[in-house]
Amino acid sequence: MIAAPLVSIEDLTVQFRTDRGWTTAIEGVSFDVAEGDCLGVVGESGSGKSVTALSMLRLHARGTSRFARGAVRYAGQDLLRAPERNLRKIRGRDIAMVFQDPMSSLNPVLSICDQISETLCLHQGMTRAGARQRAIELLDLVRIPDAARRVDEYPHRLSGGMRQRVMIAMAIACRPRLLIADEPTTALDVTIQAQILELLRDLRAELGMAVMLISHDLGVIAEFAKRVIVMYAGRIVEDAPVDVLFNAPRHPYTEGLMASMPALEGGTERLYAIPGRIPDPDEPIAGCRFGPRCAHIKPICQAAAPELVAIDATHRVRCTPRTRTSDMT
Amino acid sequence: MTELALDSGQAAVSPVLAPRRRFMALRRLVAHRSFQIGLCLVLVLAVAAIFAPFITGIDPSAMKVRLRFKPPSETFLFGSDSFGRDVLTRVLYGARVSLWIGLVVAMLSGLCGALIGVLAAQFRSLDALLMRLMDALMSFPAILLALGITAALGPRMESVIIALTVAYVPAGARIVRASALVVRELDYVQAARIAGASDLRIMLRHILPNSVSPLLVHMTFVFAYSILAEAALSFLGVGVQPPTPSWGNIIAEGRDYATEAWWVMLFPGLGISLAALGLNLLGDGLRDVLDPRLKAG
């Protein structure tokens, strides 16, 4: 993180309209994605991972959501406030995204060729023939066998793994600088998960793009990411290099996550689960949002919500110093 | 790479086992019993209408006053009417008018309905305005609305078409809006937005093609309803005006002599019934094939 970051998210706060007024989905999310970065974002369902990703391209429905605070800085503009026309140029060309469910991510009435060509025609003004040729190359690149024939097929003919490859081909069509992969392997079975991760890793190296992988699966994150952001209840609770996070987590929530992973040599005892559940976004909690579930809670935790503090150049954690594990032991 | 091996294995056999989806739908449609019957009925009527001049060779307005009210015979297969005109010829020419009106109304109201429905689904700010307008139109019985519009525009074929189109647009718009609201939330629409597609492009290329199949079914029914409604309007005297024959006005003209010359009303009536039956069967078949809920697997 020496050079200027590719994308810089500052104090991002997103709210959604509900029957009871505006509910805060994520609050004060700040992080940078460097050029060629390999970032993992991990958290439970509802922790705000996807909301963060969608906000980076301003994809929330207008009217029912709002950006209360913050900025997403990319190439000298704030994507939260840039005109829609500028955003359309950035989407797909500079920042691309892959979704969780490959079964519903492809338009059933268009052929694979049409769908990959769409991005190419939109951003690079390619002709149909040129786009078709490029689509075949891209299918080759994501290792779809017999690409020249597959390119004219319709999505229903492809398996889940194949569709996810097509999604990735669409996403990298314009050689984006950042690929956001939102739970790209969750809907796939385990062997294919590994292949898709391997593919993403290879493509990242080949194309020199940054990848931001969102997952609730620590195994996937450990295998893929170099740096990990842990989210809890709409806030970043820890941000650290992957080996540091897995070997010496500093936030009790991260610790809990690590403890709840099944160990290979662990035998058959019950898996550890963090007690309690993720709080409702509207639930009033004094101080730290993780407080009610925290084993190390102190009165000071309830007095004021802790800030996300840098404890060294690459490690940030949102926890009161005294409740940190290192101080506990 | 087990998956790759499996997948290429599938690729080798699949062209034989699974033809492309659009052809599969077509094949299922062709195999559908009620669709077959419906299609035959509609085709027979359409062919009769299109080739009317070659089938009879008689002018539908040619009067032979001395041969009034002749019952069906060799000279007049369907009998003759109060002016001595050949009822068969008039029914055939009437089919041209009635089927044409039905077809055009189905197409126009389908087109407008699709546009309004997709617009309402895509631009949520337009939704309330457009849909309340549709609700307002829907609050009148279709035939009453059409009656009012034809009365205002003057009794011509064009006014019948406009009137029925206006009357049938709201239902189509609602159908398309309902399915477009579902489609717009699907991942591939979001994916298109992420790829940098504009609202218009998303609407026309991604949402519309995926929301029109229920409309297609609805359009076949609108086709049938329009034939019935045209008959009703012409019967009431605000539709297609004599001497141009339409199924409705032939029945209207035959009404006064219904007891002595039943054939004048019977044959155009049969035409209406068969067209409505055929189109409904056709629509049923389409619905069975296109409705994902009725699909097995």
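About the thresholds
Residues numbered from 1 in each chain as written. Chains lettered and ligands numbered in written order. Predicted model: local features only at pLDDT ≥ 70, side-chain atom pairs only at ≥ 80, totals over all residues. Helix = DSSP H or I, 4+ residues; strand = E, 2+ residues; numbered from the N terminus. Buried ≥ 20, exposed ≤ 12 C-beta atoms within 10 Å, placed from the backbone. Contact = placed C-beta atoms within 7 Å. Rg over C-alpha atoms; globule rule 2.2 N^0.38 Å. Axes fitted to C-alpha atoms, helices over the stretch in contact; angles between N-to-C directions. Parallel < 35°, antiparallel > 145°, perpendicular 65-115°, else oblique. Left-handed = near helix turned anticlockwise from the far one by under 90°. Nonpolar A, V, L, I, M, F, W, Y, C, P; charged D, E, K, R; others polar. Pairing = 2+ DSSP bridges. pLDDT = per-residue confidence, 0-100. Core = buried A, V, L, I, M, F, W, Y, C linked by C-beta atoms within 7 Å. Expected span 1.5 Å × (residues − 1).

Asks: I'd like a rundown of the overall build of chain B, residues and numbers included.
Replies: A count of helical and extended segments in chain B gives 13 helices and 0 strands. Start at the N end of chain B and walk to the C end: the helices and strands fall as α-α-α-α-α-α-α-α-α-α-α-α-α. Residues classed as buried in chain B amount to 44% of the 297 residues present. Restricting to contacts in chain B with at least 6 residues of sequence separation, those with at least 24 account for 70%.

Asks: Can you explain the overall build of chain A? Please cite residues and give values.
Replies: The helix and strand tally for chain A stands at 12 helices and 12 strands. For chain A, the C-alpha radius of gyration of 21 Å lies close to 20 Å, the compact-globule estimate for 329 residues. Taking the principal axes of the C-alpha coordinates as reference, chain A spans close to 65 × 50 × 45 Å. Looking at the 329 residues of chain A, the share that counts as buried comes to 44%.

Asks: Go over the packing of helix 6 (residues 124-138) of chain B against helix 8 (residues 157-183) of chain B with me, naming the residues and quoting the values.
Replies: All names here are of chain B. Running from amino to carboxyl end, helix 6 crosses helix 8 at an angle of 130 degrees, the nearest separation of the two axes being 9 Å. Put simply, helix 6 runs oblique to helix 8. Relative to helix 8, helix 6 is oriented so that their crossing is left-handed. Here helix 6 contributes Met134, Leu137 and Met138 to the contact with helix 8, which in turn contributes Val166, Pro170, Ala173 and Arg174.

Asks: A description of the interface of chain A and chain B should follow, citing residues and the corresponding values.
Replies: Quite often, the size of an interface is put as the accessible area lost when its parts meet. Between chain A and chain B, the contact holds 35 residues from the first and 27 residues from the second. The leading source of residues in the side of chain A that touches chain B is helix 3 (residues 112-124) of chain A, at 4 residues. Residue classes in the side of chain A that touches chain B are distributed as 14 nonpolar, 12 polar and 9 charged.

Asks: With reference to specific residues and values, describe helix 10 (residues 199-211) of chain B.
Replies: All buried positions along helix 10 of chain B are accounted for by Met203, His206, Ile207, Leu208, Asn210 and Ser211 of chain B. On the buried face of helix 10 of chain B, the contacting elements are helix 5 (87-122), helix 8 and helix 9 (187-194) of chain B.

Asks: Quick rundown of the sheet that holds strand 1 (residues 7-18) of chain A? Include the residues and the values.
Replies: Residues and elements named next belong to chain A. Spatially, 2-1-4-5 is the arrangement adopted by the 4 strands of the open sheet, whose pairing is antiparallel. The sheet is open, and its two edges are formed by strand 2 (21-33) and strand 5 (77-78), each paired on a single side. In terms of strand pairing, strand 4 (residues 65-74) meets strand 5 through 2 bridges, oriented antiparallel. Within the sheet, the bridge partner assigned to Arg73 lies in strand 5 and is Asp78. Sitting on the sheet, helix 1 (residues 49-56) touches strand 1, strand 2 and strand 4, and the angle it makes with strand 1 is about 110 degrees.

Asks: Requested: an account of the confidence of the model for chain B, with residues and values cited.
Replies: Residue and element names in this part refer to chain B. Here chain B averages 82 in pLDDT, and 90% of its residues register 70 or above. Residue range residues 1-19 is modelled with pLDDT below 50. Its contacts to residues more than four positions away, or to other chains, number 17 contacts. The ipTM assigned to the predicted complex is 0.75, against a pTM of 0.75.

Asks: An account of the nonpolar core is needed here, citing residue identities and associated values.
Replies: Ranked by size, the top nonpolar core spans 169 residues in total, and within it Ala169, Leu178, Leu179 and Met212 of chain A carry the most contacts. In terms of residue count, the dominant contributor to this core is helix 5 of chain B (17 residues). Ala169 of chain A has contacts with Ile116, Leu138, Leu139, Leu141 and Val142 of chain A, leaving out every residue within four places of it along the chain.

Asks: Account for the packing of helix 8 of chain B against helix 11 (residues 213-236) of chain B, with residues named and values stated.
Replies: Residue and element names in this part refer to chain B. At a minimum axis separation of 10 Å, helix 8 and helix 11 run at an interaxial angle of 155 degrees. When the axes of helix 8 and helix 11 are compared, the pair comes out roughly antiparallel. Our pair here, helix 8 against helix 11, has a crossing hand that is right-handed. Taking contact as the criterion, the partners of Val160, Leu164, Tyr168, Ala171, Gly172, Ile175, Val176 and Ser179 in helix 8 are, on helix 11, Pro214, Leu215, His218, Val222, Tyr225, Ser226, Ala229, Glu230 and Leu233. Tallied by class, residues from the contact of helix 8 with helix 11 come to 12 nonpolar, 4 polar and 1 charged.

Asks: Just give me the short version of the sheet that holds strand 7 (residues 178-182) of chain A, but keep the residues and values in it.
Replies: Residues and elements named next belong to chain A. Within the open sheet, the 8 strands sit side by side as 6-7-8-3-9-10-12-11. Their pairing is mixed. Strand pairing shows two members of the sheet lacking a second neighbour, strand 6 (95-98) and strand 11 (309-312), which therefore form its edges. For this sheet, the mean inter-axis angle between neighbouring strands, taken without regard to orientation, is 20 degrees. Bridge analysis of strand 9 (residues 227-232) against strand 10 (residues 235-241) gives 6 bridges, and the strand direction is antiparallel. From the neighbouring strand, Met231 faces strand 10, where its bridge partner is Ile236.

Asks: Can you tell me about helix 6 (residues 160-172) of chain A, naming the residues and giving the values?
Replies: A rise of 1.5 Å per residue sets the reference length of helix 6 of chain A, with its 13 residues, at 18 Å; its end C-alpha atoms lie 18 Å apart and thus fit the reference within 8%. Among the 13 residues that make up helix 6 of chain A, 12 are buried, leaving the element largely enclosed by the rest of the structure.

Asks: Residue-level account of the pairing of strand 4 of chain A, with values.
Replies: All names here are of chain A. The pairing of strand 1 with strand 4 spans 8 bridges and is classified as antiparallel. Residue pairing in the sheet places Ser8 in a bridge with Arg73 of strand 4. Between strand 4 and the antiparallel strand that follows it, strand 5, lie 2 residues; Ala75 among them carries a positive phi value of about 45 degrees.

Asks: Go over the environment of Ala131 of chain A, please, and point to the residues and values.
Replies: Residues and elements named next belong to chain A. Topologically, Ala131 is positioned in helix 4 (residues 128-141). Taking the C-beta count within 10 Å as the criterion, Ala131 has 22 such neighbours and is therefore assigned buried. Once the C-alpha coordinates of Ala131 and Leu120 are considered, the two residues, 11 residues apart in sequence, prove to be 6.3 Å apart.

Asks: I'd like a rundown of the pairing of strand 11 of chain A, residues and numbers included.
Replies: Residue and element names in this part refer to chain A. Sheet topology places strand 11 next to strand 12 (residues 315-317); 3 bridges connect them, and they run antiparallel. Opposite Ala310, over in strand 12, you have Arg316 as the bridge partner. Counted between consecutive antiparallel strands, the loop separating strand 11 from strand 12 contains 2 residues.

Asks: Outline unusual backbone geometry, supporting the account with residue identities and numerical values.
Replies: The omega torsion of the bond from Pro242 of chain B to Pro243 of chain B falls at 10 degrees, within 30 degrees of zero and hence cis. Assignment of secondary structure puts Pro243 of chain B in the loop between helix 11 and helix 12 (247-254). Backbone geometry at Ala75 of chain A places phi at a positive 45 degrees, although glycine is not the residue there. Along the polypeptide, Ala75 of chain A turns up in the loop between strand 4 and strand 5. Positive phi values are uncommon outside glycine, yet Ala233 of chain A reaches one of about 50 degrees. Summarising the element assignment, Ala233 of chain A is placed in the loop between strand 9 and strand 10.

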